[in-house]
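# Structural overview
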Amino acid sequence: MTISSFVRSQKPKRKQGQCLFCDGGVTKEHIFAQWVDDVLPPGPDETSHTASYGPLAFRGERPTRRDTKKQGDVTTIFVRKACKTCNEGWMRLLEDEVKAFMPQMIIGSPCVLSNDRMLSLARWAALKSITVDAKTPEYTSIPRKDCETLKTSEQPPKNWLIWIGRCVAAGREVGIQHRFLKSYDPSGNFDGGQSTTIRLGDVVVHVFCSPDLMRSGFYKHYIDQPKLMIPVWPPSKPSLIWPNSVPAMSDERCLALEEAIRVFSPPA
Ligand SMILES: [Zn+2]
């Protein structure tokens, strides 16, 4: 039920009003499409949005926080980050692709995740990650070239890491959590990263990207080690049977994923 951002410092990057994926002007777009709301059981009608920032935030000390609450849960949140052509074109096609199997996954019903379906799921998660990353432009950390790659190559960028996992939902579980890691190498190039964790019913999807390949390598090892999540990008398995091939994780482990990026923060 939350949408949150965790940041290290603020630095505006992109022009407002331009589509993230092309030169078009932006229109209204929901973070989660209507089908997500339709498949989830009813629940509380409120979203909390937490933005935490400042170097102390990554040292476990008290960060500066901004908490806001909105009417309607996260499925009602919209952003203006893509143009009509993208929204009604490739983004809608992608939404239709995942709509063919994600509803079963969300409610824990058996379904086959073929190679193609895992790729659709990875692209969909990358799109959500980009959208939520851009929602608060002052905290944005995904480069525009990664957005363009997702659209033009029909794949997430090569250096991105995406996993799926399973956490059995007791009621309406819906949320997207975004964490930033802003850091710069000695020449002033951005070498931070971001993670996005999406929870929809029984489905947990975790996305990480960083221009620092060594950080990505450590991050991958850190997430893979407990063997609770299955990498879907880069692809690791030809197919999966949901839910049997995916181990169940606890709510605590699911919450820990959201904070995993803190482990990789450089000293403030
Ligand atoms: Zn566009």
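A tally of helices and strands in the protein chain yields 8 helices and 12 strands. Expressed as a percentage of the 268 residues in the protein chain, the buried residues total 42%. Intrachain contacts of the protein chain at a sequence separation of at least 6 include 77% that bridge at least 24 residues.

At the junction of Trp233 and Pro234, the peptide bond is cis and its omega measures out at -10° in the coordinates. Structurally, the position occupied by Pro234 is in the loop between β11 (230–233) and β12 (239–242). With an omega of 0°, the peptide bond between Trp242 and Pro243 qualifies as cis. Of note, Glu154 is a non-glycine position whose phi angle comes to about 55°, a positive value. Tracing the sequence through the fold places Glu154 in the loop between α6 (144–153) and β7 (161–166).

Turning our eyes to something else, we now look at the pairing of strand β9 (residues 193–200). Counting buried residues along β9, 8 of its 8 residues qualify, which places the element largely inside the surrounding structure. In β9, alternate side chains face the same way, and those of Gly193, Ser195, Thr197 and Arg199 on one face and Gln194, Thr196, Ile198 and Leu200 on the other are all buried. With 8 bridges connecting them, strand β8 (residues 174–181) and β9 associate as antiparallel partners. Among the inter-strand pairings, His178 is bridged to a residue of β9, identified as Thr196. Sheet topology places β9 next to strand β10 (residues 203–209); 7 bridges connect them, and they run antiparallel. When the bridges of β10 are listed, Thr196 appears paired with Val207. Connecting β9 to the antiparallel partner β10 that follows it, the hairpin turn spans 2 residues, and Gly201 within it adopts a positive phi of roughly 55°.

Right, let's talk about the packing of helix α3 (residues 90–99) against helix α5 (residues 115–135) for a bit. Helix packing for two helices is described by the angle between their axes and how far apart those axes are. Running from amino to carboxyl end, α3 crosses α5 at an angle of 130°, the nearest separation of the two axes being 9 Å. As judged from the angle between their axes, α3 and α5 are oblique. In this structure, the crossing between α3 and α5 has a hand that is left-handed. Of α5, the residues touching α3 (which contributes Met91, Leu94, Glu97 and Val98) are Ser120, Leu121, Arg123, Trp124 and Leu127. When its residues are assigned to classes, the contact of α3 with α5 shows 6 nonpolar, 1 polar and 2 charged.

So, on to the nonpolar core. Core analysis: the biggest nonpolar cluster contains 64 residues, and Ala125, Ala126, Ile162, Ile164 and Val232 have the highest contact counts within it. Here this core takes 10 residues from α5, the largest share from any one element.

Once that is clear, we can look at helix α7 (residues 213–224). With 12 residues, α7 should reach 16 Å at 1.5 Å per residue; the first-to-last C-alpha distance of 16 Å fits that figure. Among all positions of α7, only Arg215, Tyr219 and Ile223 are buried. What you see down the axis of α7 is that its buried residues fit within an arc of 65°, all on one side. Among the exposed residues of α7, those oriented more than 90 degrees off its buried face are Leu213, Met214, Gly217 and His221.

Another aspect to go through is the confidence of the model for the protein chain. Averaged over all residues, the pLDDT of the protein chain is 85; the fraction at 70 or higher stands at 82%. Note on residues 6–13: pLDDT is under 50 here. Beyond four places in sequence and across chains, it has 24 contacts. Counted against residues more than four places away or in other chains, residues 53–62, with its pLDDT under 50, gives 20 contacts.

Below, the discussion takes up the environment of Asp146. Inspection of the secondary structure assignment puts Asp146 in helix α6. A residue is classified by how many C-beta atoms lie within 10 Å of it, and Asp146, with 20 of them, is buried. With 13 residues separating them in the primary sequence, Asp146 and Asn159 have C-alpha atoms 9.5 Å apart. In contact with Asp146, other than residues within four places in its own chain, are Pro157 and Cys209.

Before going further, it helps to spend a moment on the environment of Arg172. With respect to the helices and strands, the residue Arg172 is situated in the loop between β7 and β8. With 29 residues separating them in the primary sequence, Arg172 and Gly201 have C-alpha atoms 6.4 Å apart. Sequence-distant contacts of Arg172, defined by excluding residues within four places in its chain, comprise Leu40, Pro41, Pro42 and Gly43.

Definitions and limits used
Residue positions within a chain follow its written sequence, with the count starting from 1. Since the coordinates come from a predicted model, pLDDT governs what is reported: local features require at least 70, and pairs of side-chain atoms require 80 or more to be given and counted, while whole-chain, interface and lining totals use all residues. By the criteria applied, helices consist of DSSP H or I runs no shorter than four residues and strands consist of E runs no shorter than two, each listed in order from the N terminus. The burial criterion counts other C-beta atoms lying within 10 Å of a residue's C-beta, which is placed from the backbone; the residue is buried at 20 or more, exposed at 12 or fewer, and partly exposed between these limits. Two residues qualify as a contact pair if the distance between their C-beta atoms, derived from the backbone, is within 7 Å. Strand pairing is defined by DSSP finding a minimum of two bridges between the two strands. Between N-to-C directions, angles cover 0 to 180 degrees, with each direction set by a line fitted to C-alpha atoms, over the stretch in contact for helices. The scheme is simple: roughly parallel for angles under 35 degrees, roughly antiparallel for over 145, roughly perpendicular for 65 to 115, oblique for anything else. Helix crossings are classified by the rotation of the near helix relative to the far one: an anticlockwise turn of less than a right angle makes the crossing left-handed, while a clockwise turn makes it right-handed. The nonpolar class holds Ala, Val, Leu, Ile, Met, Phe, Trp, Tyr, Cys and Pro. Asp, Glu, Lys and Arg form the charged class, and all remaining residues, Gly among them, are polar. Each nonpolar core comprises buried Ala, Val, Leu, Ile, Met, Phe, Trp, Tyr and Cys residues, the members being joined through C-beta atoms within 7 Å. Expected helix span is taken as 1.5 Å per residue step, with the number of steps being one fewer than the number of residues. By definition, the arc is the one covered by directions from the helix axis to the C-beta atoms. pLDDT expresses, on a scale from 0 to 100, how confident the predictor is about each individual residue.

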